[in-house]
Amino acid sequence: MERPSIGGQAVIEGVMMRNNEKYATAVRTSDKKIVLDKREYVSLTKRYKVLGLPLVRGGVAFLESMVIGMKILTFSAEFFEVEGEEQAPSKFEKFLEAKFGDRMNDIIIVISMVLALALSIGLFFIVPAFLSQIMGSFLPEGRWMNLMDGIIRILILIGYIFLISRMKDIQRVFEYHGAEHKTINCYESGDEITIENVMKHSRFHKRCGTNFIFIIVTVSIVVLTIINVQTFWLRIGVRLLALPLIAGISYELLKIFGKFDNGLINLFASPGMALQRITTSEPDASQVEIAITAFMNVLEEDTWKDEPIDEPA
């Protein structure tokens, strides 16, 4: 019987694991307890057949992962705000609460997602297009300007990841990221899920979101070099229109990378795997325990509950 494909995400002092419609987030509190939040979500790709088609489902999955990611990050961040000093709500928060009431958190998540998308598009698409446009007069005619655009995009990605990895809080998140990968690798190898067994496994995984980001950047270089336009604003328009196609192709490639294990696939996956040397770190046993807690609560049907619970460490 084929085992389910389980994925996850590191959060502030915790890990989220997802198995089909179920996802669970486990967070370690300052008093050494584990807070466990369990949810269900049926993907739009399963609710609407057209959205589940190849090259279409990638963009949908990307947006859904952003929404879920924002929700679990909000959950972990709000929890630690309660643990620390309480801050008075800002005028903007008061306005949202008065305007939207119980829907305020959903509105904040939507705003955060829009801002994150705008920042990503600006940093990885508009800025490289602007810089390569300036350099265009120094480059040979043809597709060289679009190729330079892609090289700048890769350099910005590597530089961005490296800079955020210097932040202390992000270093902790990267340790939980390593714990997430180790747990999934242990499971996929067939070993019993224990702290000792998980610690022995690799902190790298081919289905990692870091790989997905690098694949998106690489695919965008190929697609946007083939679609050879020279005018700046036309180049920006093409990049925005091509985003769903780029996300769709990248998603299908990521699924292939995760499904097969041979020399050619590993060669294509190697740049993204190399980036994981920055985005993952070796976790300690307590961090692995958090990853296992989240993992087991999406793996075992009989442990499933709808409501959040607190468990002692």
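In what follows, the structure referred to is the one given above.
About the cut-offs
- Residues numbered from 1 in each chain as written.
- Predicted model: local features only at pLDDT ≥ 70, side-chain atom pairs only at ≥ 80, totals over all residues.
- Heavy atoms only, no water.
- Pairing = 2+ DSSP bridges.
- Helix = DSSP H or I, 4+ residues; strand = E, 2+ residues; numbered from the N terminus.
- Contact = heavy atoms within 4.5 Å.
- Buried < 20%, exposed > 50% of the residue type's maximum accessible area, 1.4 Å probe, protein only.
- Salt bridge = Lys/Arg side-chain N within 4 Å of Asp/Glu carboxyl O.

Digging into the pairing of strand 4 (residues 33-40)
Next up, step 1: By the bridge criterion, seven bridges tie strand 3 (residues 22-28) to strand 4 in an arrangement that is antiparallel. When the bridges of strand 4 are listed, Lys22 appears paired with Glu40.
Next up, step 2: Taking the residues between adjacent antiparallel strands as the criterion, strand 3 and strand 4 are bridged by four residues, where Lys32 takes a positive phi near 70°.

Here we look at the environment of Ser250
Next up, step 1: Following the sequence through the fold, Ser250 ends up in helix 9 (residues 232-259).
Next up, step 2: Residues Ser250 and Val217 lie 33 residues apart in sequence; the distance between their C-alpha atoms is 8.9 Å.
Next up, step 3: Sequence-distant contacts of Ser250, that is, excluding residues within four places in its chain, are made with Phe212, Ile215, Ile216 and Val219.

Let's talk about the pairing of strand 3
Next up, step 1: Among the seven residues that make up strand 3, seven are buried, leaving the element largely enclosed by the rest of the structure.
Next up, step 2: Residues Lys22, Ala24, Ala26 and Arg28 point to one face of strand 3 and Tyr23, Thr25 and Val27 to the other, with burial holding for every one of them.
Next up, step 3: Judged from the six bridges that link them, strand 2 (residues 14-19) and strand 3 form a sheet pairing that is antiparallel. Within strand 3, the residue paired with Met16 across the bridge is Thr25.

Details of the pattern of salt bridges
Next up, step 1: Applying the stated rule across the entire model yields twelve salt bridges.
Next up, step 2: Here Arg28 makes a salt bridge to Glu289, at a shortest N to O gap of 2.7 Å. One end of the pair, Arg28, is in strand 3; the other, Glu289, is in helix 11 (residues 285-299), and 261 residues separate them in sequence.
Next up, step 3: The class for Arg28 is buried, based on a relative accessible area of 11%.
Next up, step 4: Its salt-bridge partner being Asp149, residue Arg235 comes within 3.1 Å of it at the nearest N-O pair. With Arg235 in helix 9 and Asp149 in helix 5 (residues 144-164), this pair connects stretches of sequence that are 86 residues apart.
Next up, step 5: Asp149 gets classed as buried once you look at its relative accessible area, which sits at 0%.

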